[in-house]
Amino acid sequence: MANINEGRAFTEEQEALVVKSWNVMKKNAGELGLKFFLRIFEIAPSAQKLFSFLRDSNVPLEQNQKLKTHAMSVFVMTCESAVQLRKAGKVTVRESTLKKLGAVHFKYGVVNEHFEVTKFSLLETIKEAVPEMWSPEMKSAWSEAYDQLVAAIKSEMKPSS
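Residues numbered from 1 in each chain as written. Predicted model: local features only at pLDDT ≥ 70, side-chain atom pairs only at ≥ 80, totals over all residues. Heavy atoms only, no water.

1. Considerations on the environment of Val76
Mapped onto the fold, Val76 is located in helix α4 (residues 65–88). Take Val76: its relative accessible area is 25%, and that puts it in the partly exposed class. Sequence-wise, Val76 and Gly33 are 43 residues apart; in three dimensions their C-alpha atoms are separated by 7.7 Å. When neighbours within four sequence positions are excluded, Val76 is seen to be in contact with Trp22 and Ala29. (Helix = DSSP H or I, 4+ residues; strand = E, 2+ residues; numbered from the N terminus. Buried < 20%, exposed > 50% of the residue type's maximum accessible area, 1.4 Å probe, protein only. Contact = heavy atoms within 4.5 Å.)

2. Points about the packing of aromatic side chains
If you walk through the whole model with that rule in mind, you get 7 aromatic pairs. Judged by centre distance (5.7 Å) and plane angle (75°), the ring pair of Phe41 and Phe51 falls under edge-to-face. In this pair, Phe41 is assigned in helix α2 (residues 29–43) and Phe51 in the loop between α2 and α3 (52–55), connecting sequence segments 10 residues apart. Take Phe41 and Phe51: they sit in the same class, and that class is buried. (Phe/Tyr/Trp six-rings, centres within 6.5 Å; stacked < 30°, edge-to-face > 60°.)

3. So, the environment of Val150
In this structure, Val150 sits in helix α7 (residues 136–155). For Val150, a relative accessible area of 7% translates into the label buried. On a C-alpha basis, the gap between Val150 and Lys119 in space is 9.4 Å, while along the polypeptide they are 31 residues apart.

4. A short note on the side chain of Thr125
Relative to the assigned elements, Thr125 resides in helix α6 (residues 112–129). Here Thr125 falls in the buried class, since its relative accessible area comes to 1%. Looking at Thr125, its side chain comes within polar contact range of the main-chain oxygen of Ser121, at 2.7 Å. Apart from the residues lying within four places of it in its own chain, the contact partners of Thr125 are Leu32, Lys35, Phe36, Arg39 and Phe75. (Polar contact = N/O pair within 3.5 Å; in protein donor to acceptor, adjacent residues only side chain to side chain.)

5. Some remarks on α6
An α-helix turns once every 3.6 residues. As a result, residues three or four positions apart point the same way. With 18 residues, α6 should reach 26 Å at 1.5 Å per residue; the first-to-last C-alpha distance of 26 Å fits that figure. Along α6, the positions that sit buried rather than exposed are Phe115, Val117, Thr118, Lys119, Ser121, Leu122, Leu123, Thr125 and Ile126. (Expected span 1.5 Å × (residues − 1).)

6. Re the side chain of Ser143
Position of Ser143 among the secondary structure elements: in helix α7. We classify Ser143 as buried; its relative accessible area is 12%. Those residues in contact with Ser143 that lie beyond four places of it in its chain are Lys119 and Leu123.

7. Re α2
With 15 residues, α2 extends 21 Å from end C-alpha to end C-alpha; this agrees with the ideal 21 Å at 1.5 Å per step. Every buried residue of α2 is accounted for by Ala29, Leu32, Gly33, Leu34, Phe36, Phe37, Arg39, Ile40 and Phe41.

8. Some words on the confidence of the model for the protein chain
Taken residue by residue, the protein chain gives an average pLDDT of 85. The fraction at 70 or more is 87%. Across the protein chain, element-level confidence peaks in α2 with a mean pLDDT of 95 and bottoms out in helix α5 (residues 95–107) with 70. A low-confidence stretch, residues 1–7 stays under pLDDT 50, and its non-local contacts, those more than four residues away or across chains, total 10 contacts. (pLDDT = per-residue confidence, 0-100.)

9. Looking at the packing of α2 against α6
Packing of α2 against α6 leaves a shortest axis separation of 9 Å and a crossing angle of 135°. Comparing their axes, α6 and α2 come out oblique. Of the two possible hands of crossing, α2 and α6 adopt the one that is right-handed. For the pair α2 and α6, the contacting residues are Leu32, Lys35, Phe36, Arg39, Ile40 and Ile43 in the first and Val117, Thr118, Phe120, Ser121, Leu122, Glu124, Thr125, Glu128 and Ala129 in the second. (Axes fitted to C-alpha atoms, helices over the stretch in contact; angles between N-to-C directions. Parallel < 35°, antiparallel > 145°, perpendicular 65-115°, else oblique. Left-handed = near helix turned anticlockwise from the far one by under 90°.)

In structure tokens:
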């Protein structure tokens, strides 16, 4: 498999910061995942149209069960992938999952701006979750991990075969 992060090493220090913060956030993953998505929709309300389960729903976002479930799984996958990055030397979500993520993001017309808004929302959510740990170094560690995950997803963004 092609290594996506050519020349961009995720350092031991960065790994330690990501692991330390994820260990604190893990137990609140459901709540944090929802905050993360609500923040995305606050910045980019049109992003809601990308989710079929929100299109025909009259339930307030913060009470939408499908959104809660989706938000938590995305948040957990993103964080777990960040934690594994250095050990694996590359983004590890199961190969099939990466292909599926690429195909789904392609199909729904996800563009660079969406990834940028998502990155901003992720960093803000983590900063709020671990304020006493947050630092420029931690921000940069999570940014790097997110960028590598997005690069891996984008490399699979094509119509599903």
